[in-house]
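Chains, contacts and geometry: an overview
Given next are the chains, with one letter for each unit.
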Amino acid sequence: MKKLLATTLLAGALLGTAQAAAEKDDFQFGIRMGAQFSKLRGESDFNFESKYSKALTGPAFGFIFEIPVNAYFEIRPELNFGSQGHKFALPNDVNYNYWMGYVQVPVLFRGQFGSDKVRGFLQAGPQFGYGAFILARAKDGNGNKEKDSYSFKDQSLKPFDAGITIGAGVEFPAAKGIELEVRYYGGMANINDYGVDGLKTKNQSIHTTVAFKF
């Protein structure tokens, strides 16, 4: 009787594993693109909490890799190219945009639910980034423009960034894996390199993107 029970349990476990393996998605590769709305938190040469401080709009683009674990859980590394930074809308129609171009690598843990036609998903995980360049753009009310480019070292900033990403969205597997997502990134690393104790600057951003998987 014990042998029969053990055999039955083992057969059930093997059947369940085989069914989960049959239901899970295949490895998928894709691209994501959209807009990124970023701000800086903390202190620097600017007062980021002033009434003139605005979110900076920039592009977001990258490659996604989905590694299925079972029918409801996936691991999703990405290689993204995005912009962090800040915008100031000053009096007299003076605008100052401060773009920081980053290569970003999030590693997301994704849970999903729904059918083969429509799925909702939640995903979260760490993100690491490295700053490649900085672009500063200024424009006054008379149409005069100034353009400058810097390295992170020029601006007393650390190029390495790290934080946490949280996202939610909807996927349409039957429509070639199209998905829509809203994502928040909260930087945890202090990118300020002024050498002043207590002076910290951190990245944060919101992304709205569409992805296509193959």
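Reference entry: report on the structure contained in this document.

Cut-offs used in this document
- Residues numbered from 1 in each chain as written.
- Predicted model: local features only at pLDDT ≥ 70, side-chain atom pairs only at ≥ 80, totals over all residues.
- Heavy atoms only, no water.
- Helix = DSSP H or I, 4+ residues; strand = E, 2+ residues; numbered from the N terminus.
- Buried < 20%, exposed > 50% of the residue type's maximum accessible area, 1.4 Å probe, protein only.
- Contact = heavy atoms within 4.5 Å.
- Areas by Shrake-Rupley, 256 points an atom, 1.4 Å probe, with all protein chains shown as cover.
- Pairing = 2+ DSSP bridges.
- Phe/Tyr/Trp six-rings, centres within 6.5 Å; stacked < 30°, edge-to-face > 60°.
- Lys NZ or Arg CZ within 6 Å of the ring centre and 35° of its normal.
- Core = buried A, V, L, I, M, F, W, Y, C linked by side-chain atoms within 4.5 Å.
- Polar contact = N/O pair within 3.5 Å; in protein donor to acceptor, adjacent residues only side chain to side chain.
- Salt bridge = Lys/Arg side-chain N within 4 Å of Asp/Glu carboxyl O.

This part is about the overall build of the chain. Counting secondary structure elements, the chain contains one helix and 10 strands. When each of the 214 residues of the chain is scored for burial, the buried share is 35%. Counting only contacts in the chain whose residues sit at least 6 apart along the sequence, the fraction spanning at least 24 positions is 66%. Total accessible area on the chain is roughly 11900 Å²; 64% of this is exposed by carbon and sulfur atoms.

With that settled, the discussion passes to the pairing of strand 1 (residues 28–42). Here strand 1 pairs with strand 3 (residues 56–70) via 11 bridges, running antiparallel. Bridge pairing links Gln-28 to Glu-66 in strand 3.

For the rest of this paragraph, the subject is the packing of aromatic side chains. One pass over the structure, following the stated rule, counts six aromatic pairs. With a centroid separation of 5.4 Å and 50 degrees between ring planes, the pair formed by Phe-29 and Phe-65 is classed as tilted. Placement of Phe-29 in strand 1 and of Phe-65 in strand 3 is noted, with a sequence separation of 36 residues between them. An angle of 75 degrees between the planes, with centres 5.5 Å apart, marks the rings of Phe-61 and Phe-63 as edge-to-face. Under the relative-accessibility criterion, Phe-63 is labelled partly exposed at 27%. Each member of the aromatic cluster is reached from another via a ring pair, and the members are Phe-29, Phe-61, Phe-63, Phe-65 and Phe-214. Here the basic side chain of Arg-110 rests over the ring of Phe-121, its NZ or CZ set 3.8 Å away from the ring centre.

A word on the pairing of strand 8 (residues 160–172). Bridging between strand 6 (residues 119–139) and strand 8 involves 12 bridges; their strand directions are antiparallel. Pairing of Gly-125 across the sheet is with Thr-165, part of strand 8. Examined bridge by bridge, strand 8 and strand 9 (residues 178–187) share 10 bridges and lie antiparallel to one another. Among the inter-strand pairings, Thr-165 is bridged to a residue of strand 9, identified as Tyr-185.

Leu-40, Tyr-98, Met-100, Tyr-102, Ile-134, Ala-136, Phe-152, Leu-157 and Ile-191 together form the largest nonpolar core, which totals nine residues. Within the residue set of this core, elements represented by two or more residues are strand 5 (94–114) and strand 6. In terms of residue count, strand 5 provides more of this core than any other element does, three residues in total. In contact with Tyr-98, not counting residues within four places along its chain, are Leu-56, Gln-84, Gly-85, His-86, Ile-134, Leu-135, Ala-136, Gln-155 and Leu-157.

Okay, the environment of Asn-192 next. Within the secondary structure, Asn-192 is located in the loop between strand 9 and strand 10 (201–213). With 37 residues separating them in the primary sequence, Asn-192 and Gln-155 have C-alpha atoms 9.1 Å apart. Side chain to side chain, Asn-192 and Thr-201 meet in a polar contact 3.0 Å long.

Two side chains of opposite charge can pair, provided their charged atoms sit close to one another. Counting across every chain of the model gives 13 salt bridges. Glu-78 is the partner of Arg-183 in a salt bridge, and the nearest nitrogen-oxygen pair spans 2.9 Å. Pair noted here: Arg-183 is in strand 9 and Glu-78 is in strand 4 (residues 73–90), with a separation of 105 residues, a long-range link. Arg-183 gets classed as buried once you look at its relative accessible area, which sits at 2%.

Here Gln-112 is to be found in strand 5. A polar contact of 3.5 Å, which involves the side chain of Gln-112, links it to the backbone oxygen of Ala-71.

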